[in-house]
Amino acid sequence: MIKSVKYLVALLIALAAVSAIAVVLTAAHRPDADDQDEDEAVKAPSRVVVQNGQTVIRLDEEAQAREGIRVAPVAQTSMRSELRGTAVLLPVNDLVTARDSYVAARAKLQRDQQDLSLARNQAERTRALYQQNQNMSLQAMQSTDAAYRNAQAQFAADEQDARLQLDAVRQRWGAVVTNWISGDSPALEAVLAQRSFLVQVILPPGEAATKPAKLSLTLPANKLVPARLVSSLPLVNPQIQGISYLYLASRAPGMAADMNLSVLIPVGRPLAGTVVPEDAIVWWQGKAWAYQQTSPSSFTRREVPTANPVSGGYFVPGKTFAPTTKLVTAGAQALLSEEFRSHIQQED
Amino acid sequence: MLTAIVRWSLRHRGVVVALACILLGYGIYSLQQANYDVFPEFSPPEVVIPTEAPGLAPEQVELLVTQPVENAVVGVAGVQSVRSASVQGLSVVTVLFNSSTNVYLNRQVIAERLSTLTGSLPAGISPTIAPLTTSTSVVMAVGLTSRTQSLMQLRTVADWTLKLRLFAVPGVSKIAVFGGDEKQYQVQINPQQLTQHDISVDQVLAAARQASGIRGAGFITTPNQRIILQSEGQAATAGELAHSVVLQQQSANLTLGDVAHVAVGAAPRLGAASIMAQPAVMLMISAQYGANTLNVTRGLDLALRALRPALAHQGIQIDSTLFRPARFIDTALRNLRTSLVVGGILVLLVLFLFLFNLRTAAISCTAIPLSLLAATILIERQGYTLNTMTLGGLAIAIGEVVDDAVIDVENIYRRLRENRSLPQPRSVFQVVLDASLEVRSAVVYATFSVILVFLPVLTMSGVAGRIFSPLGVTYIWAILASLLVALTVTPALSMMLLPRGQLRQADPPLVRWLKDRYERLLGRVENRPGMVMGAVAALVFAAVLAIPFLGGEFLPSLREGHFIVHMTAVPGTSLAESMRVGDRVSQALLKIPYVRDVGQRAGRAEMSDDFSGTHSSEFEVDLRELSGAQTDTALAQIRQTLATFSGAAFSVNTFLTERINEILSGYTGAVVVNIYGPDLDELDRQASRVAGALARIPGAREVQIQSPPGMPQVMVQLRPADAARWGFDSLQVLDVVRTAFGGEQVGQIYEGNQVFPVSVILDPEQRQSVADISSLPIRSPQGNYVPLRQLADVYESSGRYMVAHIGARRVQSVTCNVAGGDIAGFVARARRRIARLALPPNVYLEFSGTAEEQARSQRDLLVHSVLAGLGIILLLSIVMQNYRNLLLVLANLPFALVGGIFIALATGGNLSLGSLVGFVTLFGITLRNSIMLISHYEHLVREEGMEWNWATALRGASERLSPIIMTALVTGLGLLPLALGSGAPGREIEGPMAIIILGGLATSTALNLLVLPTLALRYGRFEPAADRM
């Protein structure tokens, strides 16, 4: 009986050992079968190579056509940076009043001048008669003299008043418009007749720009109206605390006083350069890039300076992109993906 | 007890047969009512908590939303693990529970915990619990296309007609809508216009809110009646909204239309879809937990059929063939049924040829449907569906079921025949009773031994356990039912049918022919015992040596006739670009002759738990009806086509494989390396190194960093001093930025039963250029307009698409698939390679994915196998007279191993879990055969008083020849169609299992019949009853 138990125990241990070895071996599998696996591994075709330290994506023309990759030469242009500002079509009620006041003041001054001249002549004549043997009474002479001094004082006062009228206009509208008033400028007449509008162009707060002689106002529905510089404006708009300039624009349908419009204000000197279209731009690691076609079947990524955003893209001054440069305008993101994918697989 | 059962059955044989008929009828009824599915529910109980956090960046989502949600749920009882993903505007926390927990209770507990978060999350953000779906989740993909209708009209039809109707189909739990333009009433503000009219964004928001707000009005009560008041008049169209007053000055009204463009517009898109490279709307329909995929699909088909004419009238086409798992289930079950029917016919043929008696064949045959139907009823009552696993369990049980009946009938038949030749025959009742009991004891022990063999399968952990345990349960129920049938119905029927007719004295012709040859062969083996045993030992040794050359895979590739192609570009890729590339990929895939339909989905659906970004797409690639080999060719061509595309990483999976992989690791990849650490940038760096190391290992495919860095982003960093100088508080500025670029929903507009949001957002043209962001003018409380750049630093930078957590720890995952299927070998090499990378302090990594699950399954299998082995030995020590005979029984196990291993090597050398289950089944069958032979020897010596010598060994062996060959043939032929069709849809798992069983059965039967008697003669100890103590 004891012998049987011994055998049974021995048998149990043996069975457990055999089972363990068998299952562990099954689980462990091949120790190393790299060579055998080599043939089975399907490697994605490598399209990214490094040439002279630069990453190049190789894509033959067939693949480009299949994936819809299109290239276009960069547009050469001369351009200035632009700021988007606000343009206010100024109501000219106060200008009308100011002009009327000034005209009235001027008329009064003319009348004063005539009165002064008359009073002076009268006073001189009376003085001469008095001095010629007192042909006039002293009292008469003193009266005409006083009338002359009154006329003189009145002229000076009204002259000052007219000057004040102009000063007020200058404070509000600037020197040029003041000159228009004092000089009966036809421009002023056009403004007052609403054939033209005086426009306050306000730069965004914190921005400064050399005032361009001409610019275009954007009416609703994107209609452009040209405007020419009149002068700087001595006041800022309380809502938009930016530097203001006064422009003159011919009346166009849809324009009315107090209307606020937007305006693109060219900044700085015109520069020669290229425009990289928005379609070509991919953002990566905080920078803008575009893919340049370096040969019919290869592309490299180039950084695009973004200091000068323009409508529809970025203006790159200088010769950063040569006139012959072809940039990818469709499929740039696919190329970025391809470059990134290779990067994962090749990095250790 | 056995005696009592058999005696009762014989006495009340009429009742027993009647009960059997009732069981048969009820079984057929149950079969018709049964739930069919491909797999058992294999996902562990889980609760998914998606939280929409509009406008927040991934890091903000992680800190402000995900962390509070994780902290609220981590302490819940039964939680196994918590993982999360935080992406732009969405947090998804997945809580996995222990498999023993109740999924509904889990949801309730989580809901209670989430309710405590009120007030601790950012304003307007509240977590939800995603609907409960089945493991396979999606039951159908439905596409809408039209040549005449806009994408917005398509989306509106999808949201307000199709979705509502399909939700009414019983069993539908979730419908995610991709693509199209979601209709919104938009107040598109133009900063210049606001400046021109001196209006702030807040004024616009207030006006829009006032115009679209809805208020109740209560009721009045007259002496007799209660009369309800209903107030209307809020804006109902874009035109009316545009006329809403923003400001009244000097009797003049400034309206919304004056300061903004008010129109019907598309909500910012999170996803897009195309079908056959044409823009479309796609609905992904998920089934409820425990729903019957076939029934749900049928219901959806009926609903779609009803809707089709009306939609066709509007010029909208419905495509419901894009993805239908039901098609795979149909094909799989049809294939499996065909295999079972063909197997069944072959079984009948074998029974008749071996028994050569219609009555005995009929009695044996009745055991098959009775046992299998009884098992079906039982598993249904346990809540299992009829799927490839449970049907597989039934298929492999056929052999033992027949064996149970054959042993009984054959013995009864023999004893009755012997009884008739006696001068004074005993009563038929007694003969049948004795004959039944004579073999029953050994059969009972054999059955329980086989149940013990299946213990490891039942106790397997994880997904493997959930997939394979129903197979084990079904098998055990079938053989227990078979045991009961053999104890009751078989003796009763034998009693009723056998005594009446003519009993053939001689063996049936086929058996006679076989016996003649067998005895001669056995004699020859007996003459050369050393050589035969040496050869067998060599074979066993060779088989053990071959084991290390077998590869391992968790599940074989499933031939669903459908592939899911993942396309991932760099994060930040726009939807338009994903769709542009996707259209070209679709066109290329459609050129493959095997491909029927291609549908693409990019990004994610609104209000869903899917966190795919706009850079990732999934293509539903549906194949024509193909054979297994053609499916492989199609897969190769698809891979080849995808490899020609640059600009994206592609991976191809079948749907079920993908779902299983997703459940295993949360990611779709055979191998997942999780890198943990506190610093996101450091994790990114290390992930990149690990990805590089993995990519260099031969066999690595589709290496992907799951949340790669490099997501382009623009930072708006407020300068508090500047903000204060202009009179702003920080939140005012941030609110305007959010409204401008993210949009703010202010109300709703009703159109019939359709409700559309009213949203205030920046004019689309102003949202397209990075350069415009800093120019956004913001009105200060004092009425000044200040560009954003005056208040904040606005600069381009690089962020991350997703912040992932596992167990509330920050993690970066690298996934890859493995060419050739040898995942275990690959992981071993990967571990060695990655061990060479020096990781910084606080950073550590773990392997996950199917590889880890496979290793865990095998560990469990090992432990439980040893336990089961000990149990079997103890059980056998009770039934066997001594340890020598017990050893003889066990000696047959390596014999079975030999055939199994050699056939596994011959068919590709990969062992899937299905193959391992095949081995287990094989051991069970083999064990039973050897128990029966050895116990028959014991019976001959002990009960019949024969002397243990060559003649007795020969007689015993030749008497067991017929049942052993019959069992082997019946099992073998039953499984042959499965093995031959291995790889066809529905047979991918059972096919390899059947192949292993067939191979092992061949060697085990041959060695059992030829070598075991020789071994028994030399090493067995059989003593008469009197000699035993």
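Conventions used here
Residues numbered from 1 in each chain as written. Chains lettered and ligands numbered in written order. Predicted model: local features only at pLDDT ≥ 70, side-chain atom pairs only at ≥ 80, totals over all residues. Helix = DSSP H or I, 4+ residues; strand = E, 2+ residues; numbered from the N terminus. Buried ≥ 20, exposed ≤ 12 C-beta atoms within 10 Å, placed from the backbone. Contact = placed C-beta atoms within 7 Å. Pairing = 2+ DSSP bridges. Axes fitted to C-alpha atoms, helices over the stretch in contact; angles between N-to-C directions. Parallel < 35°, antiparallel > 145°, perpendicular 65-115°, else oblique. Left-handed = near helix turned anticlockwise from the far one by under 90°. Expected span 1.5 Å × (residues − 1). Core = buried A, V, L, I, M, F, W, Y, C linked by C-beta atoms within 7 Å. Nonpolar A, V, L, I, M, F, W, Y, C, P; charged D, E, K, R; others polar. pLDDT = per-residue confidence, 0-100. Arc of directions from axis to C-beta.

Caption draft 1: Structural view of the overall build of chain B. Helix and strand counts for chain B come out as 33 helices and 31 strands. With respect to the three principal axes, the spread of C-alpha positions in chain B is 130 × 80 × 55 Å. Taken over 1029 residues, chain B has a buried fraction of 54%. Considering only intrachain contacts with a sequence separation of at least 6, the fraction spanning at least 24 residues in chain B is 81%.

Caption draft 2: The arrangement of the overall build of chain A in detail. When helices and strands are counted, chain A shows eight helices and 15 strands. Buried residues in chain A amount to 33% of all 348 residues. When contacts within chain A are restricted to residue pairs at least 6 apart in sequence, long-range pairs at least 24 apart make up 73% of them.

Caption draft 3: Structural view of the pairing of strand β9 (residues 245–249) of chain B. Residues and elements named next belong to chain B. Alignment of β9 against strand β10 (residues 252–255), held across four bridges, turns out to be antiparallel. Looking at β10, one finds that Q249 is bridged to A252. The antiparallel hairpin formed by β9 and β10 contains two residues in its connecting segment, where Q250 sits at a positive phi of about 50 degrees.

Caption draft 4: Layout of the packing of helix α18 (residues 509–527) of chain B against helix α31 (residues 950–980) of chain B. Residue and element names in this part refer to chain B. Two elements in contact, α18 and α31, have axes separated by 10 Å at closest approach and are oriented at 135 degrees. Judged by the inter-axis angle, α18 sits oblique to α31. Both α18 and α31 take part in a crossing whose hand is right-handed. On the side of α18, the interface is formed by V511, L514, K515, Y518, E519, L522 and E526, while α31 contributes W950, L954, A957, S958, L961, S962 and I965.

Caption draft 5: Region of interest: the sheet that holds strand β11 (residues 260–266) of chain B. All names here are of chain B. Strand order in this open sheet of four strands is β11-β6-β24-β23, and the pairing throughout is mixed. Every other strand in the sheet has two partners, leaving β11 and β23 (744–751) as the edge strands with one partner each. On average, each strand axis in the sheet is tilted by 25 degrees relative to the strand beside it, whichever way the strands run. Bridge count for strand β6 (residues 183–189) against strand β24 (residues 754–762) is five bridges, and the pairing is parallel. Counted as the bridge partner of Y185 is V758 from β24. Each of β6, β11, β23 and β24 is contacted by helix α7 (residues 201–212), which is oriented at about 25 degrees to β23, the strand it contacts most.

Caption draft 6: Up close: helix α23 (residues 680–695) of chain B. If you check α23(B), its first and last C-alpha atoms are 22 Å apart, about what 16 residues at 1.5 Å a residue would give, namely 22 Å. Among all positions of α23(B), only L683(B), Q686(B), A687(B), V690(B), A691(B), A693(B), L694(B) and A695(B) are buried.

Caption draft 7: Geometry of unusual backbone geometry. All names here are of chain B. For A277, which is not glycine, the phi torsion reads 65 degrees and is therefore positive. Positioned with a positive phi, N842 is a non-glycine residue whose angle comes to about 75 degrees. Mapped onto the elements of the fold, N842 is located in the loop between α27 (823–835) and β30 (844–848). Overall, the presence of 10 C-beta atoms within 10 Å leaves N842 in the exposed class.

Caption draft 8: Structural view of the nonpolar core. Counting 239 residues, the largest nonpolar core has V276(A), A290(A), I285(B), V401(B) and A478(B) as the members making the most contacts within it. The biggest single contributor to this core is helix α16 (residues 462–487) of chain B, with 16 residues. Residues contacting A478(B), with those up to four places away along its chain left out, are S371(B), L372(B), A375(B), G393(B), L394(B), A397(B) and V401(B). In this structure, A105(A), V204(B), A208(B) and A723(B) belong to the second largest nonpolar core, which totals 87 residues.

Caption draft 9: The packing of helix α5 (residues 138–173) of chain A against helix α6 (residues 175–183) of chain A, seen in detail. Residue and element names in this part refer to chain A. Relative orientation of the contacting elements α5 and α6 amounts to 145 degrees, with a least axis distance of 7 Å. Crossing geometry of α5 relative to α6 is assigned as right-handed. Mapping the contact onto sequence places L166, V169, R170 and W173 in α5 and A175, V177, T178, I181 and S182 in α6. For the contact of α5 with α6, the class distribution of residues is six nonpolar, two polar and one charged.

Caption draft 10: Up close: the confidence of the model for chain B. All names here are of chain B. Per-chain confidence: chain B averages 83 in pLDDT, with 95% of residues scoring 70 or above. Looking across chain B, the model is least confident in strand β15 (residues 551–553), with a mean pLDDT of 65, and most confident in strand β12 (residues 271–275), with 93. Both scores are given for the predicted complex: the pTM is 0.75, the ipTM 0.73.

Caption draft 11: Broad picture of the confidence of the model for chain A. Residues and elements named next belong to chain A. On average, chain A scores 79 in pLDDT, and the residues at 70 or more come to 85%. Throughout residues 1–43 the model reports pLDDT below 50, and contacts reaching past four residues in sequence, or to other chains, amount to 62 contacts. Note on residues 343–348: pLDDT under 50 across the span, and 13 contacts to partners over four residues away in sequence or across chains.

Caption draft 12: Structural view of the environment of T390(B). All names here are of chain B. Mapping T390 onto the fold places it in helix α13 (residues 388–420). Look at T390 and you get buried, because 28 C-beta atoms sit within 10 Å. Residues T390 and Y594, spaced 204 residues apart in sequence, show a C-alpha to C-alpha distance of 31 Å. Residue contacts for T390: discarding those within four places in its chain leaves I379, Y384, P470, L471 and T474.

Caption draft 13: Here's a closer look at helix α2 (residues 13–33) of chain B. All names here are of chain B. Here α2 is 21 residues long and its end C-alpha atoms lie 30 Å apart, about the 30 Å a rise of 1.5 Å per residue gives. Along α2, the residues classified as buried are R13, V16, A20 and G27. Buried residues of α2, seen end-on, are gathered within an arc of 50 degrees and therefore sit on one face of the element. Set apart from the buried face of α2 by more than 90 degrees, the exposed residues are G14, A18, C21, I22, G25, Y29, Q32 and Q33.

Caption draft 14: Quick look at the pairing of strand β4 (residues 133–146) of chain B. Residues and elements named next belong to chain B. When you tally the buried positions in β4, you get 13 out of 14 residues, the bulk of the element. Inspection of the sheet shows β4 paired to strand β14 (residues 316–323) by five bridges, in the antiparallel sense. Within the sheet, the bridge partner assigned to G143 lies in β14 and is D319.

Caption draft 15: Up close: the environment of A158(B). All names here are of chain B. Considering the arrangement of structural elements, one finds A158 in helix α5 (residues 151–167). Residue A158 is classed as buried on the basis of its 26 C-beta neighbours within 10 Å. In the structure, A158 is positioned 123 residues away from V281 in sequence and 7.4 Å away in space, judged by C-alpha atoms. Setting aside residues no more than four positions away along its own chain, A158 makes contact with L144, K163, V177, G180, V281 and L283.

Caption draft 16: Structural view of the environment of I965(B). All names here are of chain B. As for its position among the elements, I965 is in helix α31. Take I965: there are 19 C-beta atoms within 10 Å of it, and that puts it in the partly exposed class. Spatially, the C-alpha atom of I965 lies 29 Å from that of L458, the residues being 507 residues apart in sequence. Residues contacting I965, with those up to four places away along its chain left out, are L514 and T1005.

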